[in-house]
Amino acid sequence: MGHLTIKHVRAFVLRGGGADYHDQADGHWIDDHISTPMSKYPEYRQSRRSFGINVLGTLVVEIEASDGTVGFAVTTGGEPAAYIVEKHLARFIEGARVTDIEKIWDQMYQSTLFYGRKGLVINTISGVDLALWDLLGKIRQEPVHHLLGGAVRDELQFYATGARPDLAQKMGFIGGKMPLHHGPSEGEEGLRKNLEALATMRERVGPDFWLMLDCWMSLDVNYATKLAIGAHEHGLKWIEEALSPDDYWGYAALRNNVPKGMLVTTGEHEATRWGFRMLLEMGCCDIIQPDVGWCGGLTELVKISALADAHNAMVVPHGSSVYSYHFVATRHNSPFAEFLMMAPKADEVVPMFHPQLLGEPVPVNGRMRLSALDKPGFGVDLNPDCQLHRPYNR
Ligand SMILES: C[C@H](O)[C@H](O)CC(=O)C(=O)O
Ligand SMILES: [Mg+2]
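Residues numbered from 1 in each chain as written. Chains lettered and ligands numbered in written order. Predicted model: local features only at pLDDT ≥ 70, side-chain atom pairs only at ≥ 80, totals over all residues. Heavy atoms only, no water.

Participant: Hey, could you run me through the UniProt feature "site: Transition state stabilizer" (unreviewed entry) in the protein chain in this one?
Facilitator: Residues annotated in UniProt with the feature "site: Transition state stabilizer" (unreviewed entry) correspond here to Glu 338. Relative to the elements of secondary structure, Glu 338 occurs in strand β11 (residues 337-340). Once residues lying within four places of it in the same chain are set aside, the contact partners of Glu 338 are Phe 158, Tyr 159, Thr 161, Lys 177, Val 316, Pro 317, His 318, Gly 319, Tyr 325 and Met 352. A polar atom in the side chain of Glu 338 sits 2.5 Å from the side chain of Thr 161. (UniProt positions renumbered as here; feature names shortened; annotations may be inferred. Helix = DSSP H or I, 4+ residues; strand = E, 2+ residues; numbered from the N terminus. Contact = heavy atoms within 4.5 Å. Polar contact = N/O pair within 3.5 Å; in protein donor to acceptor, adjacent residues only side chain to side chain.)

Participant: Looking at this structure, I do not really get the packing of aromatic side chains. What am I missing?
Facilitator: The description of two aromatic rings rests on the distance between their centres and on the angle between their planes. Inspection of the entire model under this criterion finds 16 aromatic pairs. Seen from their ring centres, Tyr 83 and Tyr 392 are 5.1 Å apart, and the 90° between their planes marks the pair as edge-to-face. Of the two residues, Tyr 83 is situated in helix α1 (residues 78-93) and Tyr 392 in the segment after β14 (381-382); the sequence distance between them amounts to 309 residues. For Tyr 83, a relative accessible area of 42% gives the class partly exposed. Relative to Phe 339, the ring of Phe 158 lies with its centre 6.3 Å away and its plane at 90°, an arrangement referred to as edge-to-face. One end of the pair, Phe 158, is in strand β4 (residues 155-161); the other, Phe 339, is in strand β11, with 181 residues separating them in the sequence. A network of ring pairs unites the aromatic residues Phe 158, Phe 173, Tyr 325 and Phe 339 as a single cluster. Over the ring of Trp 105 we find Lys 303; its NZ or CZ atom is 6.0 Å from the centre of that ring. (Phe/Tyr/Trp six-rings, centres within 6.5 Å; stacked < 30°, edge-to-face > 60°. Buried < 20%, exposed > 50% of the residue type's maximum accessible area, 1.4 Å probe, protein only. Lys NZ or Arg CZ within 6 Å of the ring centre and 35° of its normal.)

Participant: Would you mind going over the UniProt feature "domain: Mandelate racemase/muconate lactonizing enzyme C-terminal" (unreviewed entry) in the protein chain with me for this structure?
Facilitator: Per the UniProt annotation, the sites labelled "domain: Mandelate racemase/muconate lactonizing enzyme C-terminal" (unreviewed entry) are residues 155-261. Structurally, residues 155-261 is divided into 44% helix and 21% strand, and its ends, taken at the C-alpha atoms, are 27 Å apart.

Participant: I would appreciate a short explanation of the sheet that holds strand β1 (residues 6-14) in the present structure.
Facilitator: Whether parallel or antiparallel, the strands of a sheet pair through hydrogen bonds between backbone atoms. Spatial ordering of the open sheet is given by β1-β2-β3, a layout of three strands whose pairing is antiparallel. Two strands bound the open sheet, and with one partner strand each, they are β1 and β3 (70-76). Neighbour to neighbour, the strand axes of the sheet diverge by 15° on average, direction disregarded. Relative to strand β2 (residues 58-65), β1 is paired through eight bridges, and the arrangement is antiparallel. Bridge assignment links Val 13 to a residue of β2, and that residue is Leu 59. Those strands touched by helix α3 (residues 120-140) are β1, β2 and β3, and its axis lies near 150° from that of β3. (Pairing = 2+ DSSP bridges. Axes fitted to C-alpha atoms, helices over the stretch in contact; angles between N-to-C directions.)

Participant: Help me out: how do you make sense of the site of ligand 1 in this one?
Facilitator: Taken together, 14 residues surround ligand 1, and among them His 22, Lys 177, Asp 214, Glu 240 and Glu 338 come closest. One of the side-chain N or O atoms of Lys 177 is found 2.7 Å from an oxygen atom in ligand 1. At a separation of 2.8 Å, an oxygen atom of ligand 1 approaches a polar side-chain atom of Glu 240. Burial of ligand 1 by the protein amounts to 100% of the accessible area it has alone, namely 310 Å². Of the residues contributing to the shell around ligand 1, the split by class is five nonpolar, three polar and six charged. (Near = heavy atom within 4 Å. Areas by Shrake-Rupley, 256 points an atom, 1.4 Å probe, with all protein chains shown as cover. Nonpolar A, V, L, I, M, F, W, Y, C, P; charged D, E, K, R; others polar.)

Participant: Sorry, what's going on with helix α7 (residues 221-232) here?
Facilitator: Residues lying three or four places apart along an α-helix face the same way, a consequence of the helix completing one turn every 3.6 residues. Compared with the 16 Å implied by 1.5 Å per residue over 12 residues, the 16 Å span of α7 between its first and last C-alpha is a close match. Taken residue by residue, α7 has Tyr 223, Ala 224, Thr 225, Leu 227, Ala 228, Gly 230 and Ala 231 as its buried positions. Taken together, the buried residues of α7 touch α6 (187-205), β6 (210-214), β7 (236-240) and α8 (248-257). The distance from a side-chain oxygen at the start of α7 to the backbone nitrogen of Asn 222 is 3.2 Å, and the residue carrying that oxygen is Asp 220. (Expected span 1.5 Å × (residues − 1).)

Participant: Would you take a moment to explain the pairing of β7 for this structure?
Facilitator: Regular strands have side chains that alternate between both faces of the sheet. Taking burial as the measure, the five residues of β7 include four buried ones, the bulk of the element. Where β6 meets β7, four bridges bridge the pair, whose relative direction is parallel. Its bridge partner being in β7, Met 212 is matched across the sheet by Trp 238. As a crossover connection, the stretch from β6 through α7 into β7 is right-handed. Pairing of β7 with strand β8 (residues 263-266), which is carried by three bridges, proceeds in the parallel orientation. Paired with Trp 238 across the strands is Leu 263, a residue of β8. Handedness of the crossover joining β7 and β8 through α8 is recorded here as right-handed. (Right-handed = clockwise from strand over helix to strand, strands pointing away.)

And the structure:
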């Protein structure tokens, strides 16, 4: 096994949901007047697709070993990410040993520093890294959580993100995170509507169910503070991604301003141990939420998590389906996980990366037994019904 090498890496693009989970059809809750940094422009307020949230699509990375075993992973990145894999990163992957994950990561990161560091390039590196872990698991015939050092729990528990925490409660989730609909440019009336929506949901779910608000980078410190103070009487558990991911100073101020007991969370658009070091050392948040498909992959997430542990911060990864489940199962400081409700009305559980993966496990009654994650690698296959396109076939 130690002598197996990597024969080929291939990068494909896919459209329609899946890893680019914002790439949904009309009428989906995820694109219904959600507050964003673009909401200050009225013409981009109603729909995130209108400003291009789904412009990238999904990247699929396939890595084939010398014995013919194929590992793969999906993330957001589409055609530009496929270019980076095929034209730049392939040289560090093909010919390497299948166990060279750490070295390949370092070479991908160091060689792209002059145009990378965050965003698309790190999404791309994450996709390659996850495909390498999948490949190694498939070669060893072990699930990735074994390769990470083994599970620390027999069952994962989930909160749900979507428009209907009241339905999520009935489905057995431990909490519900709603998108914020109105931002600072919608003034006092928007703030009032935000608080009314929270109050209505609190009435529906009763006093004990967790309720959270996802602000998708759209607020300023003043607005976020007013929202947090107003939301306190409705038992808001956390305020998420209230500010721009570049505003570490704003997050540190917000964390001081929120009512005692309310948590500040962020990090889904942060990348690498260096980005998370800023969040942790500057005291920006209580929970970090790296997306394993965007933060640098599993190799990097393990390092980020160790850093968080030393700062007494929880790591609750953003979305990312099986890629985060295998990680969460192995970490003491990841006591629960996120499940994104991808049904258009958030009224039923469908696989998070539907329709791109086959065999993607879902929570049942808000929970997932470890045995659902016992197949080799990440335990999923590509759905052959989804059209793969390889734009840069070398
Ligand atoms: C609902 C949010 O706006 C976003 O689409 C998903 C997200 O940020 C999260 O799951 O967290
Ligand atoms: Mg979020």
